[in-house]
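Listed below are the residues making up each chain.
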Amino acid sequence: MKAIKLLMMGPPGVGKGTFGKLLSKEFSIPILTVGDEIRKIAAQESLSQVYIDIAKDVTKGKLINDGLAWAIMIHKLKDLDTSRGFIIDGYPRTATECEIMEMCDFQYDLVVSLKQHEEVIIKKTLARRVCESCGSTYNLANIEYEGHKLPSMKPKVKGKCDNCGGNLITRKDDTRSVIQKRLFTFQVHTLPLEKYFAEKGKLIEFSPYGGVADYPQLSVKVKEKLGLP
Ligand SMILES: [Zn+2]
């Protein structure tokens, strides 16, 4: 089988990680969440200006330097077994990053664009908890909003990760003002890139109104588009 290169697109908090991980499991290909890698770098204590700048941008909900994001993604991809392909969550996020990608002849086979109502995203993101150790995500809120029904994804033991027993924490940048800033940044810089992928015939759009329970529909759409059985 040809290696599958897939991109998860969509506003922060829409569920790119959740759906990306399910696709990663189904196709047995690794997923790289560029934002997580950037946050890990931002959390390191260092006096180097590069680290300080990254940390500053992350806490404010700003995008880090385009070239730097590319370097981080390529560097991290090398650590993964990508022989069957891979899923990227979070690159490109700007037109410049798209140009860097083109310049380096980096192409996706398919781009999944997830859609969700802004108010639902804010509610979900505020209730998001992340495992400190393995990065698994949980959601404490049961959301019902204008026909959207997104059940919570709680851990079995309160405050502890189901996978590894690690502590569940709230991400530092998951505050209402930072979320709104990140949503605005997405609309201005990243959303216009949909057109670029649509023109190449590589875009599919998906609105998970029922949350993770809608995954089978996404799986069918992805396989159809990739011509997989
Ligand atoms: Zn964990």
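The structure contained in this document is the topic of the report that follows. (Residues numbered from 1 in each chain as written. Predicted model: local features only at pLDDT ≥ 70, side-chain atom pairs only at ≥ 80, totals over all residues. Heavy atoms only, no water.)

### Focus: the packing of helix α1 (residues 16-27) against helix α9 (residues 215-226)
In helix packing, the relevant descriptors are the interaxial angle and the interaxial distance, both defined with respect to the helix axes. Orientation of α1 relative to α9, taken along the N-to-C sense of each, is 60°, at an axis distance of 11 Å. Of the possible angle classes, the one that applies to α1 and α9 is oblique. In this structure, α1 meets α9 at a crossing whose hand is right-handed. Contacts between α1 and α9 involve Phe 19, Leu 22, Leu 23, Glu 26 and Phe 27 on the former and, on the latter, Tyr 215, Leu 218, Ser 219, Val 222 and Lys 223. Split into classes, the residues belonging to the contact of α1 with α9 amount to 7 nonpolar, 1 polar and 2 charged. (Axes fitted to C-alpha atoms, helices over the stretch in contact; angles between N-to-C directions. Helix = DSSP H or I, 4+ residues; strand = E, 2+ residues; numbered from the N terminus. Parallel < 35°, antiparallel > 145°, perpendicular 65-115°, else oblique. Left-handed = near helix turned anticlockwise from the far one by under 90°. Contact = heavy atoms within 4.5 Å. Nonpolar A, V, L, I, M, F, W, Y, C, P; charged D, E, K, R; others polar.)

### Regarding the coordination of the zinc ion
Within the protein, Cys 131 (SG), Cys 134 (SG), Cys 161 (SG) and Cys 164 (SG) serve as the donor atoms for the zinc ion, at 2.3 Å. For the zinc ion, the 4 donor atoms in the first shell make angles of 99 to 117° at the metal, so the coordination geometry reads as tetrahedral. For the zinc ion, all donor residues lie on one chain, and their spacing in sequence is C-x2-C-x26-C-x2-C. You can call Cys 161 buried: its relative accessible area is 4%. We classify Cys 164 as partly exposed; its relative accessible area is 41%. (Donors = N, O, S within 2.8 Å, 3.2 Å for Na, K, Ca; no water. Tetrahedral: all angles 85-135°; square planar, octahedral: opposite > 155°, others 65-115°. Buried < 20%, exposed > 50% of the residue type's maximum accessible area, 1.4 Å probe, protein only.)

### Digging into the sheet that holds strand β2 (residues 31-33)
Hydrogen bonds between backbone atoms are what pair the strands of a sheet, whose relative direction is either parallel or antiparallel. Pairing is parallel in the open sheet, where 5 strands are placed in the order β2-β3-β1-β4-β10. Lying at the two open borders of the sheet, with one neighbouring strand each, are β2 and β10 (203-206). Across this sheet, the average inter-strand angle for adjacent strands is 20°, counted without regard to direction. Relative to strand β3 (residues 85-89), β2 runs parallel, the two being bridged by 3 bridges. Across the sheet, the residue bridging to Leu 32 is Ile 88, located in β3. Sitting on the sheet, helix α2 (residues 34-43) is in contact with β2 and β3, with an inclination near 50° to β2. (Pairing = 2+ DSSP bridges.)

### Quick word on the state of the cysteines
The full count for this structure, using the stated rule, is 0 disulfides. Cys 98 supplies the cysteine sulfur nearest to Cys 104, a cysteine that is in no disulfide, at a spacing of 12 Å. Under the relative-accessibility criterion, Cys 104 is labelled partly exposed at 41%. (Disulfide = S-S within 2.5 Å.)

### Some thoughts on the nonpolar core
Ranked by size, the top nonpolar core spans 27 residues in total, and within it Met 73, Ile 88, Tyr 91, Phe 106, Tyr 108 and Phe 197 carry the most contacts. Elements represented by at least two residues in this core include exactly β1 (4-9), α2, α3 (49-60), α4 (66-77), β3, α5 (95-103) and α8 (193-199). Ignoring anything within four residues of it in the chain, the contact list for Phe 197 reads Leu 7, Met 9, Pro 92, Met 101, Tyr 108, Val 111, Lys 202 and Leu 203. In this structure, Phe 19, Ile 29, Ile 87 and Val 222 belong to the second largest nonpolar core, which totals 22 residues. (Core = buried A, V, L, I, M, F, W, Y, C linked by side-chain atoms within 4.5 Å.)

### Focus: α1
Compared with the 16 Å implied by 1.5 Å per residue over 12 residues, the 16 Å span of α1 between its first and last C-alpha is a close match. All of the buried residues in α1 are Lys 16, Phe 19, Gly 20, Leu 23, Ser 24 and Phe 27. Down the axis of α1, the smallest arc covering the buried residues is 145°, so these residues share one side. If you follow the buried residues of α1, they end up packed against β1, β2, β3, β4 (110-114) and α9. Downstream of α1 by one or two residues, Ser 28 has phi in the positive range, about 50°. (Expected span 1.5 Å × (residues − 1). Arc of directions from axis to C-beta.)

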